[in-house]
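Architecture at a glance
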Amino acid sequence: MRIAVLLSFATLALTSLTAASQATAGAQEQPRAPQEVAQTPPMGWNSWNYFAERVSDKDIRAAADQLVATGMKDAGYVYVNIDDTWEGERDASGVLHANAKFPDMKALADYVHSKGLKIGIYSSPGPKTCGGYEGSLGHEAQDAQLYAQWGIDYLKYDLCSYTPDVMEKQAPGDKAAQMRLMTSAYARMDKALKATGRPIVYSLCQYGWDAVWEWAPSVGGNLWRTTGDVNPTWDRIYAIVSQQAGLEKFAGPGHWNDPDMLEVGNGKLTLAENRAHFTLWAMLAAPLLAGNDLPNMKPEIKAILTNREVIAVDQDRLGKQGTRAYSEGEVDVWTRPLAGGAMAIAVVNAGDGRYSTHPFHLNLRKLGLNGPQTGKDLWTGKAITLNDGQPLELASHDVLLVRINAPR
Ligand code: GLA
């Protein structure tokens, strides 16, 4: 397994070298896209978690309007991303057209841009997307050029049918060869995107398979999904969070772990669960792509999504993802180093109940801290002092998030 991984790295390195020398040779005619996209985790909204396959042009325009009207844009949410089910048919020259739900993509992109926002789109390296719509297999360069013509700023590239239709067919039973096919498919689209000269955020979606965090940056990935799909239940959100521990060393400016899009405001999540979900995504330096029904957003959900100080933790310029410092039974303690020597601490009660006779006692020494620490509780907005052994009362699935500017 290890040897297989090393071998595929060697192949990848060779592929990138070849790609790099080809790019240098063709530098005159093929402009390279600037690399400065996603210097902090991308923020915006994506259609999938709320609309799924029902999304239309009208919903995208309404989402753009609402990002502006609710102040979310000012808080940093800039990408308006169309997920699966926009794709129509290819014409005789292979040019892909959007389906009837999206009558004019260029006009839609212009509309989103006119609001000072950016627009994202979705495809698959396979023949079909996960929803069974047209994928980019064999049309990568053509599709990338089309996105650039429309003015697209972000692509989510979802493995889907590439597994059964290409990997398993071309290399039956040979997992290492299948992985090489997968990485080369992602490298191919990266090259196609860069050849357009347009800065396009490149989001890999292959559910974390084959330790994607180890190779995604080498195929130009600005972010990569680390797990299967999120859904709006505490159990799923908490399972995803637990699978992020240990991945912190792979994230940094321009390349981020993606624990999937936000479910804040969706399903039956309680207010505490929404708060904990958002807090943990901020601790993880995760992309913040809201996925809720913006025109009908409740004020308390808006308050969570626009909490500037929590967003500042997510967007911290140091770009260091948080670590699960320790767990004690049902309580987890996460820490994240922030620019200027500051630190964020999140304490999460993942349990279903806790009685005041047995509060959780925070162990500051396990966080490398000595004595009382003064900071700010980012959900109440109040000053707070944390002492070693501090008893903390946390409701079920709730969180304490503290920023300490001068930790000792
Ligand atoms: C996969 C992805 C989801 C979404 C759907 C669309 O399941 O993981 O995020 O894009 O496909 O079909």
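Residues numbered from 1 in each chain as written. Predicted model: local features only at pLDDT ≥ 70, side-chain atom pairs only at ≥ 80, totals over all residues. Heavy atoms only, no water.

For the chain, the mean per-residue pLDDT works out to 93, and 91% of the residues sit at or above 70. Of the regions scoring below 50 in pLDDT, residues 1–34 engages in 28 contacts with residues more than four places distant in sequence or in other chains. (pLDDT = per-residue confidence, 0-100. Contact = heavy atoms within 4.5 Å.)

One can find T357 in the loop between β13 (343–349) and β14 (360–362). A relative accessible area of 63% places T357 in the exposed class. In this structure, the C-alpha to C-alpha distance between T357 and L155, residues 202 residues apart in sequence, is 51 Å. (Helix = DSSP H or I, 4+ residues; strand = E, 2+ residues; numbered from the N terminus. Buried < 20%, exposed > 50% of the residue type's maximum accessible area, 1.4 Å probe, protein only.)

Let's shift gears to the nonpolar core. Of all hydrophobic cores here, the largest spans 96 residues; its most connected members are Y77, W86, F278 and L305. Per-element accounting of this core gives the leading share, ten residues, to helix α8 (residues 175–195). Setting aside chain neighbours within four positions, we find L305 in contact with M72, Y77, L262, V264, F278, A290, N292, M297 and I311. Membership of the second largest hydrophobic core comes to 18 residues, among which are L362, L369, L386 and L400. (Core = buried A, V, L, I, M, F, W, Y, C linked by side-chain atoms within 4.5 Å.)

Next up on the list: helix α7 (residues 162–170). Each α-helix turn comprises 3.6 residues. Residues three or four places apart therefore point the same way. Every buried residue of α7 is listed here: Y162, T163, V166 and M167. For α7, the buried positions fall inside an angular range of 115 degrees around the axis, keeping them on one side. At its buried positions, α7 is contacted by α8. (Arc of directions from axis to C-beta.)

Here the focus is the sheet that holds strand β15 (residues 373–377). The six strands lie next to each other as β11-β12-β13-β18-β15-β16, forming an open sheet whose pairing is antiparallel. Strand pairing shows two members of the sheet lacking a second neighbour, β11 (323–328) and β16 (383–386), which therefore form its edges. Adjacent strand axes in the sheet meet at a mean angle of 30 degrees, parallel and antiparallel pairs treated alike. With seven bridges joining them, strand β12 (residues 331–337) and β13 adopt antiparallel strand pairing. Paired with V333 across the two strands is V347, which belongs to β13. (Pairing = 2+ DSSP bridges. Axes fitted to C-alpha atoms, helices over the stretch in contact; angles between N-to-C directions.)

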